[in-house]
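One letter stands for each residue in the lines below.
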Amino acid sequence: MALKTPQEYLDSLRKLNLEVYLFGERVKDPVDNPIIRPSLNSVIMTYELAQDPKYAELMVVDSHMTGEKINRFTHIHQSTDDLVKKVKMQRLLGQKTAACFQRCVGMDAFNAVYSTTYETDQKYGTEYHARFKKFLEYVQREDLTVDGAMTDPKGDRGLSPSQQEDPDLFLHIVEKRADGIVVKGAKVHQTGIVNSHEVLVMPTISMTEEDKDYAVAFSVPSDTKGIKIIYGRQSCDTRKLEEGTLDRGNPKFGGHEALVIFDDVFVPTERIFMCEEYDFSGMLVERFAGFHRQSYGGCKVGVGDVLIGAAALVSDYNGTKKASHIKDKLIEMIHLNETLYCAGIACSSEGHPTVAGSYEIDMLLANICKQNVTRFPYEIARLAEDIAGGLFVTMPSEKDYRDPVLGGYIEKYLKGVASVPTIDRMKVLRLIENLTLGTAAVGYRTESMHGAGSPQAQRIMISRQSNLEVKKQLVKDILDIKG
């Protein structure tokens, strides 16, 4: 198959028996649930664009393992060109959905696990890399969406996994069998899990020998017995249950996160990619984090493009587009957004091969990229709110607008530029609300802060990668200081 059509993807999800909970009840049909469906539409776009010859260069690539045409979201990077195209693909999808399209975490997990299993095998003579390649061939052949699962609840951050009062606050091995292992715990903030065929689990921090039971990586189908998915709330999410689409802001697309419980889940041997090799847990975490921090130089920029466009359009509709301060704010938004993109492209262009033969980004520049992402989208959002005016949070509902009596007043008094229909102005204002405060803010504003690690996590990596001693030596060389 190699490249699924959107309909084939939908049909494959309907075959899953996911245990999903929302508002205290099990969801019988996640595919058509009105709250979940916008997030599914975003994933569908990754399949739709791969079918369009116009986007083939970014969306489709030859598998280095089988030679078949595959979706880039299932690819192992083979060059710096692959790394650059990944970022460009993510920007494109951000532009098309103005939301989180959810396949990035799995893609970044593939590339981190691929190289880490190779090096683990070199040291210990294990078979993890061969197992992972077999799994990846299956993913590529079936064009699967895979949820990458790294973040544990963590409990008391001042204690290691093995020191926690409740051992399940970090996912861990509870039983070893001849044919596999049993794991228990949870993963939080799981992007797109309800729209995924598989879940690829990784450790969340660098482990010590005392924590070796927590050094585990594996993949299982997302509907495996014992996996329970508790859907996360989002601001304004129940608007999706109302008639009409205006108040959703983004009428078609969205994203989602979830708390995923692993309640004594069995993992067969052939799906285990790390089992107590604690000395490689840090490598896996840092590589995944690096790839995912690179990703934000694409996806957040694409969504930023939409927000900038919305701010510019609403200034047209407000009659303020000629004001010098509006022009200056739009320029600042563009400057910040393109700076994020620069970092994403730079860390990709400066990539290098791993011993496994795959390509890895420049770690320092990837962390610089994500550090900027923790700041710039907040300023872009603030400027968009400034340009929009207060109406984007005080505007009446679509139901009021559709009312035969009230609608006339809203049509009259919320008019901006006379030639622009009032409803069009309202649509753009609602989109700005959605991107800065509503459901999409999860995948843009808040995720910019905490996704792929907190700001402090990047600062730690920046410190490690900064080569201060080399910089000191540059000064000594210029000044002829010896020793």
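Residues numbered from 1 in each chain as written. Predicted model: local features only at pLDDT ≥ 70, side-chain atom pairs only at ≥ 80, totals over all residues. Heavy atoms only, no water.

Looking at an unreviewed UniProt entry, one finds the chain named 4-hydroxybutyryl-CoA dehydratase/vinylacetyl-CoA-Delta-isomerase and attributed to Fusobacterium ulcerans 12-1B.

Per the secondary structure count, the chain includes 17 helices and 14 strands. The C-alpha atoms of the chain give 23 Å as radius of gyration, which agrees with the globular expectation for 483 residues (23 Å, within 12%). Its C-alpha atoms give the chain principal-axis dimensions of roughly 75 × 70 × 50 Å. For the chain, with 483 residues in total, the buried portion stands at 55%. Of the contacts made within the chain by residues no fewer than 6 positions apart, 77% connect residues no fewer than 24 positions apart. Looking at the chain as shown, the accessible area adds up to about 20,300 Å², and 53% of this sits on carbon and sulfur atoms. (Helix = DSSP H or I, 4+ residues; strand = E, 2+ residues; numbered from the N terminus. Rg over C-alpha atoms; globule rule 2.2 N^0.38 Å. Buried < 20%, exposed > 50% of the residue type's maximum accessible area, 1.4 Å probe, protein only. Contact = heavy atoms within 4.5 Å. Areas by Shrake-Rupley, 256 points an atom, 1.4 Å probe, with all protein chains shown as cover.)

This part takes up the sheet that holds strand S11 (residues 258-268). Strand order in the open sheet formed by 6 strands is S2-S1-S10-S11-S7-S6, with mixed pairing between adjacent strands. The open sheet has two free edges, formed respectively by strand S2 (25-26) and strand S6 (172-177), since each of these has just one partner strand. Direction of pairing for strand S7 (residues 180-187) relative to S11: antiparallel, over a ladder of 7 bridges. Bridge pairing in S11 places Gly 185 opposite Phe 262. (Pairing = 2+ DSSP bridges.)

A few words now on the UniProt feature "domain: HpaB/PvcC/4-BUDH N-terminal" (unreviewed entry) in the chain. The feature "domain: HpaB/PvcC/4-BUDH N-terminal" (unreviewed entry), as annotated in UniProt, sits at residues 5-274 in this numbering. Secondary structure within residues 5-274 divides into 30% helix and 21% strand; the distance between the first and last C-alpha atoms comes to 33 Å. (UniProt positions renumbered as here; feature names shortened; annotations may be inferred.)

The next subject is the pairing of strand S9 (residues 216-221). Of all 6 residues making up S9, 5 are buried, and the element is well covered by its neighbours. As paired elements, strand S8 (residues 198-201) and S9 share 4 bridges and run antiparallel to each other. Bridging across to S9, Val 199 finds its partner in Val 220. Direction of pairing for S9 relative to strand S12 (residues 272-275): antiparallel, over a ladder of 3 bridges. From the neighbouring strand, Ala 217 faces S12, where its bridge partner is Met 274.

Another point: the domain arrangement of the chain. Each assigned domain of the chain is listed with its residue range as follows: domain 1 (6-277) and domain 2 (284-474). Computed over C-alpha atoms only, the centres of domain 1 and domain 2 are separated by 24 Å. Across the boundary between the two partners, domain 1 contributes 53 residues, which contact 49 residues of domain 2. Carbon and sulfur atoms make up 64% of the area that domain 1 and domain 2 hide from each other, which totals about 4,100 Å². It is Val 87, Arg 91 and Leu 246 in domain 1 that bury the most area against domain 2; as a group they hold 18% of the surface buried on that side. There are 5 salt bridges connecting domain 1 and domain 2. When the shortest N-O distance is used, the salt bridge between Arg 239 and Glu 433 registers 2.8 Å. Applying the counting rule to domain 1 against domain 2 returns 22 residue pairs in polar contact (both at pLDDT 80 or more). (Domains from an automatic or database assignment. Buried area = accessible area lost by both parts, 1.4 Å probe. Salt bridge = Lys/Arg side-chain N within 4 Å of Asp/Glu carboxyl O. Polar contact = N/O pair within 3.5 Å; in protein donor to acceptor, adjacent residues only side chain to side chain.)

Below, the discussion takes up the environment of His 75. When you line up the elements, His 75 lands in the loop between strand S4 (69-71) and helix H4 (80-97). The class of His 75 is buried, set by a relative accessible area of 1%. Sequence separation between His 75 and Leu 40 is 35 residues; the distance between their C-alpha atoms is 21 Å. Setting aside its immediate chain neighbours within four residues, His 75 contacts Val 61, Asp 62, Ile 70, Asp 82, Asn 111 and Gln 140. A distance of 2.9 Å separates the side chain of His 75 from the side chain of Asp 82, its partner in a polar contact.

Its location among the elements puts Gln 90 in helix H4. With residues up to four places along the chain from it excluded, the contact list for Gln 90 reads Phe 101, Cys 104, Met 107, Ser 295, Gly 298 and Cys 299.

A few words now on the nonpolar core. Generally speaking, soluble globular proteins have nonpolar side chains that are buried together. With 61 residues, the main nonpolar core has Met 59, Phe 73, Leu 93, Leu 307, Met 333, Ile 432 and Leu 435 as its most contacted residues. Looking at this core element by element, the count peaks at 11 residues for helix H7 (residues 281-318). When residues of this core are assigned to domains, at least three map to each of domain 1 (6-277) and domain 2 (284-474). Of all hydrophobic cores here, the second largest spans 35 residues; its members include Ile 76, Leu 144, Val 146 and Phe 273. (Core = buried A, V, L, I, M, F, W, Y, C linked by side-chain atoms within 4.5 Å.)

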